[in-house]
Amino acid sequence: MKRLTVPAIRNRKGGEPIVMLTAYTARMAQLLDPHCDVLLVGDSLAQVIYGLPSTLPVTPDMMIAHGAAVVRGSHHAVVIVDLPFGSYEASPERAFETAARVLAETGAAGVKLEGGVAMAPVVEFLTRRGIPVMGHVGLTPQAVNALGGYGARGRSNAEHAQILDDTRAIAQAGAFSIVAEGVVEGLANELTAAVAVPVIGIGASAQCDGQVLVTEDMLGLFERTPRFVKKFDNLAGRISAAVETYAADVRSRAFPGTDQVYAARD
Ligand code: KIV
Ligand code: NA
């Protein structure tokens, strides 16, 4: 199966919803790839993989190591890699250097970056130089210190207007799609109607052009999850039960059994 392309994703506006999940490792990418249109190597690997308190400490090297693993583990989905905090905001040139390195060293098809009106020049600079950019508006976790937390966005009139401006600016600058995170449902619908590129929701609305979740959250593997996460499984419970059985079998010498030991050659 030929790998999907960025233009194919952009052309899904208003059509069949885009299926997107995060992936950080080759094996998880293999498992998700047949079912997903986009695999996002999210900087959420900070919390999910590294036990960090926020996404702010993530480095380009971390994103590149995991991005390359996800590209190796997939052959169907479009792979997009998050640009980490501090690696793109200062100038379009700085952003280009980071993004070019990410694409060259991972084989991913594009990058995602957070921000609105202020990041529009960065998005335009990258897209005009052949680097596809996915935007990310609303609840932007790299701005947690400015936002004061991870609560839903767009409840006040001022915030509503700002997020609408942000989304329009990023679309106008050439983003091929935009993640809208943690925005109230009515605003998510408005954003989706306001721009000509797909809006991919997370904690947003079923009317968005696609949905994304953190894979470990939707599998019930990660312990603390926002209210917008639907748990499609309870992997944490299943892993605990399997490991409890393993520990008991080791202690009782039930493991290894006859099937798991090598007989002497006769
Ligand atoms: O880092 C991430 O996982 C993300 C998605 C939640 C959109 O940015
Ligand atoms: Na992210």
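Keep in mind it's a predicted model, so treat the numbers as computed, not measured.

1. Examining the overall build of the chain
- Tallying secondary structure elements over the chain gives 11 helices and 8 strands in all.
- Relative to its length of 266 residues, the chain is compact, with a C-alpha radius of gyration of 20 Å against a globular reference of 18 Å.
- By its C-alpha atoms, the chain is 75 × 40 × 35 Å across when sized along the principal axes.
- Buried positions account for 43% of the 266 residues belonging to the chain.
- Pairs at least 24 residues apart make up 61% of the contacts formed inside the chain by residues separated by at least 6 positions.

2. What to know about the pairing of strand 6 (residues 177-181)
- In terms of burial, strand 6 is a largely internal element, 5 of the 5 residues being buried.
- Side-chain alternation along strand 6 places Ser177, Val179 and Glu181 on one buried face and Ile178 and Ala180 on a second face that is also buried.
- Bridge analysis of strand 5 (residues 133-138) against strand 6 gives 5 bridges, and the strand direction is parallel. The residue bridging Gly138 from the neighbouring strand is Glu181, located in strand 6.
- As judged from the 4 bridges shared by strand 6 and strand 7 (residues 199-202), these two strands associate in the parallel manner. Bridge assignment links Glu181 to a residue of strand 7, and that residue is Ile202.
- Chirality of the crossover, the property in question, places the unit of strand 6, helix 9 (residues 185-194) and strand 7 among those that are right-handed.

3. Details of the sheet that holds strand 3 (residues 78-82)
- Pairing within the closed barrel is parallel, and its 8 strands lie in the order 1-2-3-4-5-6-7-8. The mean angle between the axes of side-by-side strands here comes to 25°, regardless of whether they run parallel or antiparallel.
- The strands that helix 8 (residues 157-172) touches are strand 5 and strand 6; relative to strand 5, the one it contacts most, it runs at about 175°.

4. Some words on the site of ligand 1
- In the vicinity of ligand 1, the residues found are Thr22, Leu40, Gly42, Asp43, Ser44, Asp82, His136, Val179, Glu181, Ile202, Val212 and Val214.
- Tallied by class, residues from the shell around ligand 1 come to 5 nonpolar, 4 polar and 3 charged.

5. Some words on helix 5 (residues 92-106)
- Between its first and last C-alpha, helix 5 extends 21 Å over 15 residues, near the 21 Å set by a 1.5 Å rise per residue.
- Taken as a whole, helix 5 has its buried residues at Ala95, Thr98, Ala99, Val102 and Thr106. Burial along helix 5 is one-sided: seen end-on, the buried residues are contained in an arc of 95°. Counted as exposed and oriented over 90 degrees from the buried face of helix 5: Glu93 and Ala104.
- Buried positions along helix 5 lie against helix 4 (60-72), strand 3, strand 4 (110-112) and helix 6 (120-127).
- One or two residues past the end of helix 5 sits Gly107, with phi positive at roughly 85°.

6. Remarks on the confidence of the model for the chain
- For the chain, per-residue confidence averages 97 on the pLDDT scale, and residues scoring 70 or more make up 99% of the total.
- On the interface metric, ipTM, the complex scores 0.99, and its pTM is 0.97.

7. Some points on the environment of Tyr50
- Relative to the assigned elements, Tyr50 resides in the loop between helix 3 (45-48) and helix 4.
- Counting along the chain gives 120 residues from Tyr50 to Ile170, while the straight-line C-alpha distance between them is 30 Å.

8. So, the UniProt feature "binding site: Mg(2+)" (unreviewed entry) in the chain
- In the numbering adopted here, UniProt assigns the feature "binding site: Mg(2+)" (unreviewed entry) to Asp43, Asp82 and Glu114. What stands out for the annotated residues spanning 72 residues is how close their C-alpha atoms remain, the widest pair being 10.9 Å apart.
- Turning to its location among the elements, Asp43 is positioned in the loop between strand 2 (38-41) and helix 3.
- Accessibility expressed as a C-beta count within 10 Å gives 29 for Asp43, which makes it buried.
- Excluding anything up to four places from it in sequence, Asp43 contacts Thr55, Val58, Met63, Asp82 and Pro84.
- Tracing the sequence through the fold places Glu114 in the loop between strand 4 and helix 6.
- In this structure Glu114 comes out as buried when scored by C-beta crowding, with 25 C-beta atoms within 10 Å.

9. Examining the packing of helix 8 against helix 9
- Closest axis-to-axis distance for the helix 8/helix 9 pair is 10 Å, and the angle between their directions is 30°. As summarised for this structure, helix 8 and helix 9 are arranged roughly parallel, according to the angle between their axes. Once helix 8 is placed against helix 9, the crossing between them reads as right-handed. From helix 8, His160, Ile163, Leu164, Thr167 and Arg168 reach across to helix 9, where they touch Leu187, Glu190, Leu191 and Ala194.
- Tallied by class, residues from the contact of helix 8 with helix 9 come to 5 nonpolar, 2 polar and 2 charged.

The rules behind these values
- Residues numbered from 1 in each chain as written.
- Chains lettered and ligands numbered in written order.
- Predicted model: local features only at pLDDT ≥ 70, side-chain atom pairs only at ≥ 80, totals over all residues.
- Helix = DSSP H or I, 4+ residues; strand = E, 2+ residues; numbered from the N terminus.
- Rg over C-alpha atoms; globule rule 2.2 N^0.38 Å.
- Buried ≥ 20, exposed ≤ 12 C-beta atoms within 10 Å, placed from the backbone.
- Contact = placed C-beta atoms within 7 Å.
- Pairing = 2+ DSSP bridges.
- Right-handed = clockwise from strand over helix to strand, strands pointing away.
- Axes fitted to C-alpha atoms, helices over the stretch in contact; angles between N-to-C directions.
- Near = placed C-beta within 6 Å.
- Nonpolar A, V, L, I, M, F, W, Y, C, P; charged D, E, K, R; others polar.
- Expected span 1.5 Å × (residues − 1).
- Arc of directions from axis to C-beta.
- pLDDT = per-residue confidence, 0-100.
- UniProt positions renumbered as here; feature names shortened; annotations may be inferred.
- Parallel < 35°, antiparallel > 145°, perpendicular 65-115°, else oblique.
- Left-handed = near helix turned anticlockwise from the far one by under 90°.

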